[in-house]
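Here is how the chains run, residue by residue.
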Protein chains: 2
Amino acid sequence: MAEELKNAVLEKFGDIVGTAGLVTEAAEIAPNLIEWRGLYHGRTPVIVAPGNTAQTAAVLRICRDQGIGVVPQGGNTGLVGGAIPHSTLQRPEIIMSARRMKAIRELDADNYTITAEAGCVLADLQAAAETADRLFPLSLAAEGSCQLGGNISSNAGGTNVLRYGNTRDLVLGLEVVLPDGRVFEGLRGLRKDNTGYDLKHLFIGAEGTLGFVTAAVCKLFSRPKGLATALVAIADPDAAIALYSQARIALGDQLVAFELMNRLALDLVVRNIPGTRDPFEESHSWYVLLELGSAQAGPVADQLMEIFLADSMESGLVRDGVLAQSSAQRAALWRMRHTISEAQKMAGAGIKHDIAVPVSKIAVFLRRAEEFVSRRIPGVLVVAFGHLGDGNMHFNLNQPANMKADAFLALWSEVGRDVHSIAAELGGSFSAEHGVGTLKRDELVRLRGGVELELMRAVKDALDPAGIMNPGKIFSPS
Amino acid sequence: MAEELKNAVLEKFGDIVGTAGLVTEAAEIAPNLIEWRGLYHGRTPVIVAPGNTAQTAAVLRICRDQGIGVVPQGGNTGLVGGAIPHSTLQRPEIIMSARRMKAIRELDADNYTITAEAGCVLADLQAAAETADRLFPLSLAAEGSCQLGGNISSNAGGTNVLRYGNTRDLVLGLEVVLPDGRVFEGLRGLRKDNTGYDLKHLFIGAEGTLGFVTAAVCKLFSRPKGLATALVAIADPDAAIALYSQARIALGDQLVAFELMNRLALDLVVRNIPGTRDPFEESHSWYVLLELGSAQAGPVADQLMEIFLADSMESGLVRDGVLAQSSAQRAALWRMRHTISEAQKMAGAGIKHDIAVPVSKIAVFLRRAEEFVSRRIPGVLVVAFGHLGDGNMHFNLNQPANMKADAFLALWSEVGRDVHSIAAELGGSFSAEHGVGTLKRDELVRLRGGVELELMRAVKDALDPAGIMNPGKIFSPS
């Protein structure tokens, strides 16, 4: 498909990035044109991988002059089609990859910061921090292949948001190449800097529609030295909310995870994932996995957790509980949580939602949503789990026994809209951590249309008047 | 000066906000036209105080149509002229006050959020949170009169930033009236919401130049139940940085304050503030006030602090230290820190700086800056103190004994520029927490000119094309 771009343009790209940074072979490009869930299939004549910021700027200037679309791509681990070039647009789109810019430029232990390039793989960043006895707390399933630039552009969440925030909260400074090739040099490692508009927040979570992030200064933390991890059984989501409130009071900032899951989620794991087992003798309707991280090594964390659980059992909020007695037991508890998606996949076709509501509204959301889907799809299996402490639920559905996968999946859009509406009525969000991309553009119009979307458009037009950055993502193609 | 606005316009304002919301008497307006440091004296024909969001929108529509400037004003406790209308501009400017919009709309204890209107005084917000056994951690000297809207527009810092972040980090959702009267309804209390650009960050810290904030959803926290507060003597700022790094490792998130001050700061306090005394027998060059907040009541906090201080004395990092044994002693230690500015004022004319650098660069900044000012103003007294954990130093100067106050103060701009340049060379900021306003607009051009300022202008033009919001603040009048 290279013929979509004039050879002269490809040559110009090659002059800038060299042969190491130019991929034009269709077979080599192919893996970058599909997402792992298989929902999107794109096309592009070329992947351009600049070796540094100046090359990035030079490529973007050409694209701006020629009206070529630029699709930033990190580790291609997204879920909403945000990094896949469109196959239907009239103008050509290139993939711009950060993979050759993966240096860790600086680790400042006393400032608790790390400065890294956009192509740095998240796991490498975590490892670099650990080497300096520091913690980079961003952690998610794709950490072995996702890249910092993608994490920033999608404002990635993950399992440590309760304590450390989303990616947005972990970024102190950014270097960004703007759509016209100018470079915003905001790589400052400052905790306080009230000097006009805080421009970095424009680019974080913008899904590559406003510029190409080339590097960032991120916050580091001290490593918790003691961990206590427990799985507890509770009556219902209302009890989970009450337990969460009390856990924050009793454990304060040491509470680092508070994950809710329903009976079916646990059942699917135990049934489908080898080596897992239900740690309780009795069956319960809902479970919470909670974790405490302490700056003190030794038994401090376990003691605190034991006292909290004993109090919670005495008050009747917790019906049963297990506290991990070793790192192997801790890993086993987390494995149950982390393999829910996998177990669900093995049980048939799934419809997935990534909603957020205020924590106080989690129970009413779950009741309303379950009531709705059970009416709409009789026999549907509700696999509800997620980061209760963040108000973020993955309200997932598995196909009923008596329904074909295709017929079930055909309902995704329609059911999704109604589930999103239930969240919206409770002051919630239709995309908690995965973003908008291509998948949820229409929902953005439906649920955040009007002034909110007008403001986003105004920002987009101000920063990318030629509309070359990730066309058709977040906004429908104009 | 009401004649600057046509009576017809004033009547329209009156029709919208009623007599309770309109102030046209010069004597009544006067206190709102000066800042408490006395650096700015403005003028305006009217203060308009809308009673709700709809009234705010209606007033702004008139201002947009008539080309009238709008200066948002909260508690008028700023330090950079950001809330004072100009006296020199050709077009009239009104003050728009949020003081009639001060309701706490909702406190959601389980979601750990509070929704309040812009005119809510910070202390009232803190008190409301406390009533629900929650903590709203924003705390600063002006908390008895500053308002939430001003805190948000200036991204206020204060004494709890180390642990809880700046105001920006405490805001989950905003309601903002745009310059053309449209309302951005973003009052969501969500920890995760990746649905396009995060618009609230445009308005936080924008100093009222992009719209008028009418309400916000803010994060709450659990209240620390145990506090340990210590004042320690150290050799120099390098030792302070090392102590900070070790404190974060040993105490983790429980470290809530880490304040550095030099000998002269302590001396001025002990000399000028009644009831204060140097708690140490020997004289030391530098001091750190550090505080630990624990979720556990009882002696846990003190025990942790004692262990940390013992280790630090054994390693030689800490030369002497006192641990508060009662809340009265704790208050006395904090009083020394909080009265430095007051004590400094009593000692003569002062030149003040509000810089930030990476924490690791604090010592080199202090060396270079002190060397520079001592050369430029022989005999100058350096009063250095600030939030070391935030990299934020108030590098203040008092007049030499042999110099007149006027002659000394005449050097402020020149000396300030050089001190800012020293911070900038170290990757720092010329305004850590006070903002740009009118005072530092030229420094913004000098130190953040080029692409950064161009981007800010592009955002300003996109959101406020008529340029009516707080004209001449952040940006020079065009």
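Summarised in this report is the structure supplied together with it. Source: prediction; values computed, not measured.

**Regarding the overall build of chain A**
For chain A, the count of helices and strands is 18 helices and 17 strands. Taken over C-alpha atoms, the radius of gyration comes to 23 Å for chain A, in line with the 23 Å a tight globule of 478 residues would show. For chain A, the spread of C-alpha atoms along the principal axes amounts to about 75 × 55 × 45 Å. The buried share of chain A, reckoned over its 478 residues, is 61%. In chain A, the share of contacts with a sequence separation of at least 24, taken over all contacts with a separation of at least 6, comes to 74%. In the structure as shown, chain A presents an accessible area of about 17200 Å², 50% of it carried by carbon and sulfur atoms.

**Notes on the relation of the copies chain A and chain B**
Rotating chain A by 180 degrees and moving it 0.0 Å along the rotation axis overlays it on chain B with an RMSD of 0.0 Å. The symmetry that links the two subunits is that of a two-fold axis. A share of 100% of the interface residues of chain A reappears at the interface of chain B, consistent with the copies meeting face to face through the same patch.

**Observations concerning the interface of chain A and chain B**
Each side of the interface is counted separately: chain A has 90 residues, and chain B has 90 residues. Roughly 7100 Å² is buried in total at the junction of chain A and chain B, and carbon and sulfur atoms are behind 52% of that figure. When the buried surface of chain A facing chain B is broken down by residue, Lys192(A), Asn194(A) and Tyr197(A) rank first, second and third, together holding 14% of it. Summed over the shared surface of chain A and chain B, the result is 14 salt bridges. One salt bridge connects Asp253(B) with Arg163(A), and the closest N-O pair in it is separated by 2.2 Å. Inspection of the region where chain A meets chain B yields 54 residue pairs in polar contact (both at pLDDT 80 or more). Those elements giving two or more residues to the side of chain A that touches chain B turn out to be strand E5 (104-108), helix H6 (161-164), strand E8 (183-186), helix H8 (200-203), helix H9 (237-251), helix H17 (441-448) and helix H18 (451-463) of chain A. Residue contributions to the side of chain A that touches chain B peak at ten residues, all from H18(A). Partitioned by chemical class, the residues of the side of chain A that touches chain B number 39 nonpolar, 27 polar and 24 charged.

**Remarks on the nonpolar core**
Core analysis: the largest hydrophobic core is formed by 199 residues, its most contacted members being Phe365(A) and Phe365(B). Counting residues in each nonpolar core, the second largest holds 24 residues, with Val48(A), Cys63(A), Ala98(A) and Val183(A) among its members.

**What to know about the packing of aromatic side chains**
One pair of aromatic rings is described through two measures. These are the centre distance and the angle between the planes. All chains considered together, the criterion is met by 14 aromatic pairs over all chains. The structure contains a cluster of three or more aromatic residues connected by ring pairs, namely Tyr112(A), Tyr244(B) and Phe258(B). One cation-aromatic arrangement involves Arg134(A) over Tyr112(A); the distance from NZ or CZ to the ring centre is 4.0 Å.

**Side note on the sheet that holds strand E8 (residues 183-186) of chain B**
Residues and elements named next belong to chain B. Pairing in this open sheet of five strands is antiparallel, and the strands run E5-E6-E9-E7-E8 from one edge to the other. Where the open sheet ends on each side, the last strands, each with one partner, are strand E5 (104-108) and E8. Across the sheet, the mean angle separating the axes of adjacent strands is 15 degrees when strand polarity is ignored. In terms of strand pairing, E5 meets strand E6 (residues 113-117) through four bridges, oriented antiparallel. Looking at E6, one finds that Glu106 is bridged to Thr115. The sheet strands contacting helix H4 (residues 122-131) are E5 and E6, and the helix crosses E5 at an angle near 35 degrees.

**Let's talk about the state of the cysteines**
Defined simply, a disulfide is a covalent bond joining two cysteines at their sulfur atoms. Residue and element names in this part refer to chain A. Taken as a whole and assessed by the stated rule, the structure comprises zero disulfides over all chains. For the unlinked cysteine Cys218, the closest cysteine sulfur is that of Cys120, found at 9.1 Å. On the basis of relative accessibility, which here comes to 2%, the residue Cys218 falls in the buried class.

**With respect to the packing of helix H14 (residues 362-376) of chain B against helix H16 (residues 412-425) of chain B**
Packed helices, taken two at a time, are described by their axes: the angle between them and the distance between them. Residues and elements named next belong to chain B. H16 packs onto H14 with a crossing angle of 155 degrees between their chain directions and a minimal axis gap of 10 Å. Considering the angle they form, H14 stands roughly antiparallel to H16. Considering how the two elements wind past one another, H14 and H16 form a crossing that is right-handed. Of the residues in H16, those touching H14 at Phe365, Arg368, Ala369, Phe372, Val373 and Arg376 are Glu414, Val415, Asp418, Val419, Ile422, Ala423 and Glu425.

**A word on the environment of Ser326(B)**
All names here are of chain B. Within the secondary structure, Ser326 is located in the loop between strand E13 (320-323) and helix H12 (327-338). As a C-alpha pair, Ser326 and Ala228 span 98 residues in sequence and 9.4 Å in three-dimensional space. A polar side-chain atom of Ser326 sits 3.1 Å from the main-chain amide nitrogen of Gln329.

**Points about the pattern of salt bridges**
Two side chains of opposite charge can pair, provided their charged atoms sit close to one another. A complete count under the given rule lists 48 salt bridges over all chains for this structure. Arg448(A) serves as the salt-bridge partner of Glu452(A), at 3.7 Å between the closest nitrogen and oxygen. Here Asp193(B) makes a salt bridge to Arg448(A), at a shortest N to O gap of 3.2 Å. Note that Asp193(B) is positioned in the loop between E8 and helix H8 (200-203) and Arg448(A) in helix H17, a pairing that runs across two chains. Classification of Asp193(B) as partly exposed rests on a relative accessible area of 22%.

**Section: the pairing of strand E16 (residues 381-387) of chain B**
Residue and element names in this part refer to chain B. For E16, the tally of buried residues reaches six of seven residues, placing the bulk of the element in the interior. Here three bridges tie strand E11 (residues 255-262) to E16, and the two strands are oriented antiparallel to one another. Looking at the pairing, Glu259 lines up with His387 of E16. Across seven bridges, the pairing between E16 and strand E17 (residues 392-398) is antiparallel. By the bridge assignment, Phe385 is partnered in E17 with His394. The turn joining E16 and E17, which pair antiparallel and follow one another in sequence, is formed by four residues; a positive phi near 70 degrees is taken by Gly391.

**What to know about the pairing of strand E6 (residues 113-117) of chain A**
Residue and element names in this part refer to chain A. Counting buried residues in E6 gives five out of five residues, a clear majority hidden from the surface. Side chains Thr113, Thr115 and Glu117 project from E6 onto one buried face, and the interleaved Ile114 and Ala116 project onto a second face that is buried too. In textbook terms, the turn of a hairpin is the stretch between consecutive antiparallel strands, and for E5 and E6 this stretch comprises four residues, one of which, Tyr112, has a positive phi near 50 degrees. Pairing between E6 and strand E9 (residues 212-219): five bridges, direction antiparallel. Note on E9: the bridge partner recorded for Ala116 is Ala216.

**Section: the sheet that holds strand E4 (residues 93-97) of chain B**
Paired through backbone hydrogen bonds, the strands of a sheet run either parallel or antiparallel to each other. All names here are of chain B. On the basis of which strands lie adjacent, the open sheet formed by four strands has the order E1-E2-E4-E3 and mixed pairing. Taken across any chain shown, the strands that pair with only one partner, and hence form the sheet edges, are strand E1 (22-23) and strand E3 (69-73). In terms of strand pairing, strand E2 (residues 47-48) meets E4 through two bridges, oriented parallel. In the sheet register, Ile47 faces E4, and the bridge partner there is Ile95. In the packing of helix H3 (residues 53-66) onto the sheet, the strands contacted are E2, E3 and E4, and the crossing angle to E4 comes to about 170 degrees.

**Section: unusual backbone geometry**
Glycine aside, a negative phi is what most residues show, and trans is what most peptide bonds show. All names here are of chain A. Non-glycine residue Asn76 carries a positive phi angle of around 55 degrees. Tracing the sequence through the fold places Asn76 in the loop between strand E3 (69-73) and strand E4 (93-97). Residue Ile474 is not a glycine yet carries a positive backbone phi of 65 degrees. Note on placement: Ile474 falls in the segment after H18.

Rules used throughout
- Residues numbered from 1 in each chain as written.
- Chains lettered and ligands numbered in written order.
- Predicted model: local features only at pLDDT ≥ 70, side-chain atom pairs only at ≥ 80, totals over all residues.
- Heavy atoms only, no water.
- Helix = DSSP H or I, 4+ residues; strand = E, 2+ residues; numbered from the N terminus.
- Rg over C-alpha atoms; globule rule 2.2 N^0.38 Å.
- Buried < 20%, exposed > 50% of the residue type's maximum accessible area, 1.4 Å probe, protein only.
- Contact = heavy atoms within 4.5 Å.
- Areas by Shrake-Rupley, 256 points an atom, 1.4 Å probe, with all protein chains shown as cover.
- Least-squares fit on C-alpha atoms with pLDDT ≥ 70 in both.
- Buried area = accessible area lost by both parts, 1.4 Å probe.
- Salt bridge = Lys/Arg side-chain N within 4 Å of Asp/Glu carboxyl O.
- Polar contact = N/O pair within 3.5 Å; in protein donor to acceptor, adjacent residues only side chain to side chain.
- Nonpolar A, V, L, I, M, F, W, Y, C, P; charged D, E, K, R; others polar.
- Core = buried A, V, L, I, M, F, W, Y, C linked by side-chain atoms within 4.5 Å.
- Phe/Tyr/Trp six-rings, centres within 6.5 Å; stacked < 30°, edge-to-face > 60°.
- Lys NZ or Arg CZ within 6 Å of the ring centre and 35° of its normal.
- Pairing = 2+ DSSP bridges.
- Axes fitted to C-alpha atoms, helices over the stretch in contact; angles between N-to-C directions.
- Disulfide = S-S within 2.5 Å.
- Parallel < 35°, antiparallel > 145°, perpendicular 65-115°, else oblique.
- Left-handed = near helix turned anticlockwise from the far one by under 90°.

The analysis is restricted to geometry; functional conclusions fall outside its scope.
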